[in-house]
Amino acid sequence: MSRKKPIKAVALISGGLDSILAARLMIDQGITVLPLKVLLPYLPRERDRTGAKSRLISRLEEWAGVPLAGVDASGEAVALLKSPEYGFGSNMNPCLDCRILMLKKGAEFMRRAGADFVVTGEVLGQRGMSQRRQSLEIADRESGIPGLILRPLSGRILPETIPEKQGWVERAKLLSLSGRSRQAQLRLAESVGIKEPVNAAGGCLLTDPIFSGRLRDLCCHEGLERRGFELLKFGRHFRLSEKTKLIVGRDEEENGLLESFAGPGDVLFYTIDVSGPVALARGEFDVGLIALSGSLLAYYCRPAPGCGVKISHRVQAGGAETISYCLPADEKALEAFRIGK
Ligand code: SF4
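Residues numbered from 1 in each chain as written. Predicted model: local features only at pLDDT ≥ 70, side-chain atom pairs only at ≥ 80, totals over all residues. Heavy atoms only, no water.

Notes on the domain arrangement of the chain
Let me state the cut-off plainly: The source of the domain bounds is an automatic or database domain assignment.
Splitting the chain by domain gives domain 1 (8–191) and domain 2 (234–337). For domain 1 and domain 2, the distance between their C-alpha centroids amounts to 43 Å.

Have a look at this one:
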């Protein structure tokens, strides 16, 4: 195969194994690969406790000879949740619209970088909504670069793409994977020296029923915006009234985050004399709702039976501190207010 200039592909990297393997297959065919991560806000805060994913990315960067680039699609990703054209999956996951967004970002990057096509780690039939044959066709069309999206892991069972027709990529060297089994990917990973177990990208919060419940509540009561969306990712969430929500931290890190998220008019609650969580309340308040918030916070302090907890609250920013003595809510009452059960 004679080439006038090196052929370049943008490889969309999700952080899971499949996209890394897809990029590797291209590198093995002599393609210059530019790895790109499209940053979405749908992932949990802590995703790589063992460091395995970071190590995997480092391997890819070594193979590609360039660092992983990133483009932030958070604003568009939150906005598309309002009314995704192709609807939601089993929870609040608009997978097909989300894939289209990622491909569009890949296409923009491709043009800017002077690359020739885009590579993804998608496997035909691996995920219900976005990796059916018809969904892949829709995504290709809507990406704005039909024919220029190559899925090396399933390439031999998908229609021929421009990179194959042009002779940039040998179709015979593409794989013909389909379905949910991961055995072939694990074997391939081992053959290229990846021995640490790394799952598929996974971890999307929108596929989680509890998170989806919180998101529905946000859309219904407060409206969807970026800060409100970020707040859904941590704490215990309670809907106290149509216009009032309380979030209780689960550990010190979350307590700090709740303090940092408090904006004008929000109310922060702290325990006094005993250690306990911080709570952030947002919306409209009256004396009853302040007392209710205090009782929910007191529940997590686990005071001795019949005893209460001194709790302070302060309206942000700079409101006067008020201290009250709160008896803990009983568990059944507390559960009745919980969002996303
Ligand atoms: S699982 Fe989440 S991140 Fe993945 S395509 Fe669906 S919505 Fe997007």
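With respect to the packing of aromatic side chains
Put simply, the test is: Stacked, edge-to-face and tilted labels apply to pairs of Phe, Tyr and Trp rings (six-membered ring for Trp) whose centres lie within 6.5 Å, assigned for plane angles under 30 degrees, over 60, and everything in between, in that order. To sit over a ring, a charge needs its Lys NZ or Arg CZ within 6 Å of the ring centre and within 35 degrees of the ring normal.
The full count for this structure, using the stated rule, is five aromatic pairs. Following the ring pairs from residue to residue traces out a cluster consisting of Y42, F211 and F229. Above the plane of the ring of W63 lies R24, whose end atom (NZ or CZ) is 4.6 Å from the centre. When the ring centre of Y300 is taken as origin, the NZ or CZ atom of R236, which lies over that ring, is 3.9 Å away.

Re the sheet that holds strand 9 (residues 279–283)
Keep this limit in mind: Strand pairing is defined by DSSP finding a minimum of two bridges between the two strands. Working definition: helices are DSSP H or I runs of at least four residues, strands are E runs of at least two. Numbering for both runs from the N terminus. Structural elements are reduced to axes, namely lines fitted to C-alpha atoms, with helices fitted over the stretch in contact, and the angle between N-to-C directions of any two is expressed from 0 to 180 degrees. Should any heavy atoms of two residues lie within 4.5 Å, those residues are considered in contact.
Overall, antiparallel pairing links the six strands, which are arranged 6-7-9-8-10-11 in an open sheet. Here the strands that pair on one side only, and so sit at the sheet edges, are strand 6 (236–241) and strand 11 (322–326). Shown here is a sheet whose adjacent strand axes are inclined to one another by a mean of 25°, direction ignored. Sheet topology places strand 7 (residues 244–248) next to strand 9; five bridges connect them, and they run antiparallel. Bridge pairing in strand 9 places L246 opposite A281. Those strands touched by helix 10 (residues 252–261) are strand 7, strand 8 (267–272) and strand 9, and its axis lies near 30° from that of strand 9. Packed onto the sheet, helix 11 (residues 287–299) meets strand 6, strand 7, strand 8, strand 9, strand 10 (309–315) and strand 11 and runs at close to 45° relative to strand 8.

A word on the nonpolar core
Definition in use: What is meant by a nonpolar core is a set of buried Ala, Val, Leu, Ile, Met, Phe, Trp, Tyr and Cys residues, joined one to another through side-chain atoms within 4.5 Å. Buried residues are those whose accessible area, probed at 1.4 Å on protein chains only, stays under 20% of the maximum for their type, while exposed residues exceed 50% and partly exposed ones sit between those limits.
Counting residues in each nonpolar core, the largest one holds 70 residues, and the members touching the most others are F117 and F229. The biggest single contributor to this core is helix 4 (residues 95–113), with nine residues. Excluding its chain neighbours within four sequence positions, the residues that come into contact with F117 are I7, K8, A9, V10, M26, I31, M110, L148, L150, P163, W168 and V169. Ranked by size, the runner-up nonpolar core spans 22 residues in total, among them F238, V267, Y299 and Y300.

Considering the layout of surface pockets
Let me state the cut-off plainly: Definitions used for this entry: grid spacing 1 Å over protein atoms alone; cavity, a set of points where a 1.4 Å probe fits but cannot get out; pocket, an open set with protein on both sides within 12 Å along at least 5 of 7 lines; lining residue, one with an atom within 4 Å of a point. Grid points are joined across faces, edges and corners, and a volume is the space filled by probe spheres set on the points. The nonpolar class holds Ala, Val, Leu, Ile, Met, Phe, Trp, Tyr, Cys and Pro. Asp, Glu, Lys and Arg form the charged class, and all remaining residues, Gly among them, are polar.
Its boundaries defined by the atoms lining it, the second largest pocket holds a volume of some 290 Å³. Considering the residues around the second largest pocket, the lining is formed by 15 residues, among which P44, R45, K233, R250 and E254 are closest to the centre. A per-element tally of the lining of the second largest pocket places helix 8 (residues 209–221) first, with three residues. Across the lining of the second largest pocket, the residue classes break down as five nonpolar, no polar and ten charged. The residues that make up the lining of the second largest pocket include at least three from each of domain 1 (8–191) and domain 2 (234–337).

Here we look at the environment of A317
Looking at where A317 falls in the secondary structure, it is placed in the loop between strand 10 and strand 11. With 51 residues separating them along the chain, A317 and D266 place their C-alpha atoms 8.0 Å apart.

Let's talk about the site of the ligand
Short version of the rule: One heavy atom suffices: a residue is near a molecule or strand as soon as one of its heavy atoms comes within 4 Å of it.
Every residue near the ligand is listed here: Y42, P94, C95, C98, R99, C204 and T207. Taken together, the residues of the shell around the ligand sort by class into five nonpolar, one polar and one charged.

Brief notes about helix 4
The following threshold applies: In this analysis, the expected span of each helix is defined as 1.5 Å times one less than the number of residues it contains.
With 19 residues, helix 4 should reach 27 Å at 1.5 Å per residue; the first-to-last C-alpha distance of 26 Å fits that figure. Just downstream of helix 4, G114 is the residue with a positive phi angle, here 70°.

Comments concerning the packing of helix 4 against helix 5 (residues 133–143)
In a packed pair of helices, the relevant descriptors are the angle between the two axes and the axis-to-axis distance. As a reminder of what qualifies: Between 65 and 115 degrees an angle is taken as roughly perpendicular, under 35 as roughly parallel, over 145 as roughly antiparallel, and anywhere else as oblique. Crossings are sorted by hand: turned counterclockwise from the far helix by less than a right angle, the near helix makes the crossing left-handed, and turned clockwise it makes it right-handed.
Packing of helix 4 against helix 5 leaves a shortest axis separation of 9 Å and a crossing angle of 40°. By the angle between their directions, the pair helix 4 and helix 5 is classed as oblique. Seen along the crossing, helix 4 lies across helix 5 with a hand that is right-handed. Each of L96, I100, L103, K104 and A107 in helix 4 lies in contact with helix 5, whose residues at this interface are S135, I138, A139, E142 and S143. Partitioning the contact of helix 4 with helix 5 into residue classes produces six nonpolar, two polar and two charged.

Here's the deal with the side chain of Q131
Keep this limit in mind: Distance and chemistry together define a polar contact, namely a pair of N or O atoms within 3.5 Å, with one atom able to donate a hydrogen and the other to accept it when in protein, and with adjacent residues in sequence counting only for side-chain atoms on both sides.
Along the polypeptide, Q131 turns up in the loop between strand 4 (117–119) and helix 5. Within the local environment of Q131, its side chain forms a polar contact with the backbone nitrogen of V123, the two atoms lying 3.4 Å apart. With residues near it in sequence (within four places) discarded, Q131 still touches E122, V123, L124, G125, Q126 and L136.

Brief notes about the packing of helix 1 (residues 17–28) against helix 7 (residues 183–191)
Running from N to C, helix 1 and helix 7 point in directions that differ by 55°, and their axes come no closer than 10 Å. Classified by the interaxial angle, the pair formed by helix 1 and helix 7 is oblique. The handedness of the crossing between helix 1 and helix 7 comes out as left-handed. Contacts between helix 1 and helix 7 involve L17, D18, L21 and L25 from the former and Q185, L186, L188 and A189 from the latter. Grouping the amino acids of the contact of helix 1 with helix 7 by side-chain chemistry returns six nonpolar, one polar and one charged.

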